[in-house]
Amino acid sequence: MTTQECNTTQKKNCKNTITEPMRPVVNFPPSIWGDRLLSLSVDHSEFHAYDIAMEEPKEELKRMLMNPAMDSNTKLGLINSVYRLGLRYHFVEEIKCQLDKLFMELKMEDYHEADLYTISINFKVFRQHGYKLSCDVFNKFKDHSSGTFKEYITADVRGMLSMYEATQLCTTGESILDEAMAFTEAQLMGVVDTLECNLAKQVKHALRSPSHRGMQMVEARLYFINYEEECSMHDSLLKLANAHFNLLQLQHKEELFIFTKWVKDMEFKKITPYARDRTPELYLWAVGIFLEPQYSQARIIISKMAQLLMVLDDIYDAYGTIEELRLLTDAINRWEYSATDQLPEYIKPLYKILLDELTDIEKKLPKEGRTKRLYASKQAFQEVARGYHQEAEWRFSKQVPSYEEYMKNGLITSTFNVFSTYSLMNMGEIDSEEALVWYQTHPKILEATKLIGRLYNDLTSFEFEGERAEQVESVHTYMKTFGLPENIVVDELKKIIENAWKDINEECLKSTEVSMELLAPILNLARITDMVYRHNDRFTFPEATTVEYVTLLVIDSIPMY
Ligand SMILES: CC(C)=CCC/C(C)=C/CC/C(C)=C/COP(=O)(O)OP(=O)(O)O
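Reading the values: the criteria
Residues numbered from 1 in each chain as written. Predicted model: local features only at pLDDT ≥ 70, side-chain atom pairs only at ≥ 80, totals over all residues. Heavy atoms only, no water. Helix = DSSP H or I, 4+ residues; strand = E, 2+ residues; numbered from the N terminus. Rg over C-alpha atoms; globule rule 2.2 N^0.38 Å. Contact = heavy atoms within 4.5 Å. Areas by Shrake-Rupley, 256 points an atom, 1.4 Å probe, with all protein chains shown as cover. Lys, Arg positive; Asp, Glu negative; His and termini not counted. Charge placed at Lys NZ, Arg CZ, Asp CG, Glu CD. Salt bridge = Lys/Arg side-chain N within 4 Å of Asp/Glu carboxyl O. Buried < 20%, exposed > 50% of the residue type's maximum accessible area, 1.4 Å probe, protein only. Axes fitted to C-alpha atoms, helices over the stretch in contact; angles between N-to-C directions. Parallel < 35°, antiparallel > 145°, perpendicular 65-115°, else oblique. Nonpolar A, V, L, I, M, F, W, Y, C, P; charged D, E, K, R; others polar. Core = buried A, V, L, I, M, F, W, Y, C linked by side-chain atoms within 4.5 Å. Phe/Tyr/Trp six-rings, centres within 6.5 Å; stacked < 30°, edge-to-face > 60°. Patch = residues over 30% accessible without salt bridge, like charges linked within 9 Å, V, L, I, M, F, W, Y side chains within 5 Å. Polar contact = N/O pair within 3.5 Å; in protein donor to acceptor, adjacent residues only side chain to side chain. pLDDT = per-residue confidence, 0-100. Expected span 1.5 Å × (residues − 1).

A. The arrangement of the overall build of the protein in detail. Of the regular secondary structure elements, the protein holds 24 helices and 4 strands. Here the C-alpha radius of gyration of the protein, 25 Å, is about what a compact globule of 561 residues would show, namely 24 Å. In terms of its C-alpha atoms, the protein occupies a principal-axis envelope of roughly 85 × 60 × 45 Å. Of the contacts made within the protein by residues no fewer than 6 positions apart, 74% connect residues no fewer than 24 positions apart. With the model as given, the accessible surface of the protein reaches about 23900 Å², and the carbon-plus-sulfur share is 53%. Across the protein, the mean location of the 63 positive side-chain charges is 4 Å away from that of the 86 negative side-chain charges.

Here it is, written out as structure tokens:
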């Protein structure tokens, strides 16, 4: 977020005639958390207790998933619940084995008699696991003479909700799904206030955040609360989900404490008082990217990187003068302690933290492939600094680039290359030559995710930055490049976001090229972006939903079953 450009004005200090730049005062809302997060503590014996509590239900669920006698729709329903509860990673092999078989045996005739709910669940489950079930399964719900959906399905709210969720898996060219998304959304909005309690909660949340685009752990907790009847169908599912939530909450508490303490120990408040204070909000991005317990260290590293990016963003967007920003960019490009000398005093401690942290991360990485991974992560950081600098130069020279030129740079300043590089290098996957080669081809899924990040971020912030004469963000560059009014441009950019989601969905269907495990952090990055920016900038102004979600994941206790 940028502020009024006023740091080129010089203020005379009469006593010693040294000129001091006038720096903008940015009224970022303060953090609402205070020191509360520093009192988070965990009892380590509980980790073990939850691990034990998970063992039996996990084995029972494996048996259920592999049970050949279970009817295919019941099985797909169970896989749907497992996925929505964030438990998929426990059953990767079993689910693959079952879906391979079910998908191979599938015949379109099987869907002739099936209802909307069943077809939608089938569709969603297959697609979410990489199997491209044809969208033709929905043809029978269309009245082809009128071109609209058949009237009778509007009475089936549960079915429509499920269809709405399924349409989020749409890929390019599937017009029936585009139409179904608009149709079900409008119908659900029309009836939501007339529904009974549980269904109303489910519909309200889906309209606010469809499950495929939501942050996995938040979605899992809300599924557990809002879809009680589905979760209670199998006792083992209930037990496993419950122990799993408790286990993850312990981890989240511990990690958030470590991250908060690091922010305090590094004295960010003192050395970067001009920057936003958003510790749990940044941590939420890390939880969004990685759900699984084994990525604890990755979540802490990603949170730290996000903190450094946020502070850099606040220097480049507001606090630094253009001369200081040039020096800072040069120092980040040099990436060596001796470059500290060229920096203004107030940036020196930050620069040191940046270099120290990377060295520290280096020590934690396995020796094999270390150089390559470090090179990639350093490059990603340097690229963002150059991108931030380019934006500052445009603002300084009051130049408005073309939309294309802006976006080329804007994809870089989305910062998502840093997030995904750090994610992959902490997965061990980037060790594999194949994964690294794939990553360096600028995969479509990553480009689409960056696009969503840049556009959503701009769409939610351009209005409150609207008083500024020269805007350097996507809405105004698009308006200027194509000579279109603001309302049309906003709609156009939203369409581009929808198309980017289609690309992401398509990429996740090609799971033979790269594993779903490698795609997951990138898909999850798009999901957390959707959660944070779909309605407004919930990162800079986190009061409502972000606080609600941090509380849900880290603070609210989970009753034991
Ligand atoms: C797409 C996007 C930027 C996602 C943010 C991901 C994230 C948590 C990054 C670290 C902090 C940061 C730069 C937040 C965005 O600030 P801002 O809203 O001021 O960003 P801007 O200056 O690039 O518009």
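Moving on from the coordinates now.
B. Geometry of unusual backbone geometry. Look at E267: it is not a glycine, yet its phi comes out positive at around 60 degrees. Considering the arrangement of structural elements, one finds E267 in the loop between α10 (235-265) and α11 (268-271). Its identity as a non-glycine residue notwithstanding, K398 has a phi of 55 degrees, on the positive side. Within the fold, K398 resides in the loop between α16 (370-396) and α17 (403-413).

C. Quick look at the pattern of salt bridges. Using the criterion set out here, one finds 28 salt bridges in the structure. Close ionic contact of R88 with E517 constitutes a salt bridge, the shortest N to O distance being 3.3 Å. Of this pair, R88 sits in the loop between α2 (72-84) and α3 (92-105) while E517 sits in helix α23 (residues 516-533); the two residues are 429 residues apart in sequence, bridging distant segments of the chain. For E517, a relative accessible area of 32% translates into the label partly exposed. E357 is the partner of K304 in a salt bridge, and the nearest nitrogen-oxygen pair spans 3.7 Å. Remark: E357 occurs in helix α15 (residues 348-364) and K304 occurs in helix α13 (residues 296-319); sequence separation between them is 53 residues. On the basis of relative accessibility, which here comes to 7%, the residue E357 falls in the buried class.

D. The packing of α17 against helix α21 (residues 474-482), seen in detail. α21 packs onto α17 with a crossing angle of 155 degrees between their chain directions and a minimal axis gap of 8 Å. Regarding the angle of α17 to α21, the classification is roughly antiparallel. Contacts between α17 and α21 involve Y403, Y406 and M407 on the former and, on the latter, S474, T477, Y478, T481 and F482. Tallied by class, the residues present in the contact of α17 with α21 amount to 5 nonpolar, 3 polar and no charged.

E. Seen up close, the nonpolar core. Formed by 184 residues in total, the largest nonpolar core has its most connected members in F138, F381 and Y422. In this structure, F138 is in contact with L116, I119, S120, F123, M163, A166, I176 and L177, ignoring residues within four places of it in sequence.

F. Quick look at the packing of aromatic side chains. On inspection of all chains with the given rule, the structure shows 24 aromatic pairs. Judged by centre distance (4.2 Å) and plane angle (15 degrees), the ring pair of Y274 and Y319 falls under stacked. Here Y274, found in the loop between α11 and α12 (279-289), pairs with Y319, found in helix α13; they are 45 residues apart in sequence, far enough to count as distant. Ring geometry for Y403 and Y478: centres 4.7 Å apart, planes at 80 degrees, overall edge-to-face.

G. Summary view of helix α5 (residues 157-167). The buried fraction of α5 amounts to 10 of the 11 residues, a majority that puts the element mostly inside the structure. For α5, the complete set of buried residues consists of V157, G159, M160, L161, S162, M163, Y164, E165, A166 and T167. Lining the buried residues of α5 we find α2, α4 (116-128), β4 (148-149), α6 (175-191) and α7 (197-208).

H. Spatial organisation of a negative patch on the surface. Together, D51, E55, E56 and E59 make up a negatively charged patch on the protein surface. You can see E55 is positioned in helix α1 (residues 45-66).

I. Looking closely at the environment of N417. Its place among the elements puts N417 in helix α18 (residues 416-425). By relative accessible area, which is 15% here, N417 ends up buried. As for N417 and E447, which are separated by 30 residues in sequence, their C-alpha atoms are 9.1 Å apart. The contact partners of N417, leaving out residues within four places of it in the chain, are A380, E383, Y439, L446 and K450. For N417, the side chain forms a polar contact with the side chain of E383, separated by 3.2 Å.

J. Quick look at the confidence of the model for the protein. The predicted model of the protein averages 88 in pLDDT, with 90% of residues at 70 or higher. For the protein, per-element mean pLDDT is lowest for strand β1 (residues 10-12), which scores 38, and highest for α5, which scores 98. Here the complex is predicted with pTM 0.92, and the ipTM for its interfaces comes to 0.95.

K. Region of interest: α7. Taking 1.5 Å of rise per residue, 12 residues should cover 16 Å, and α7 covers 16 Å from first to last C-alpha, within 8% of that figure. Regarding α7, the residues found buried are L199, A200, Q202, V203, H205, A206 and L207. Here the buried face of α7 lies against α5, α6, α8 (216-226), α9 (228-231) and α24 (545-555).

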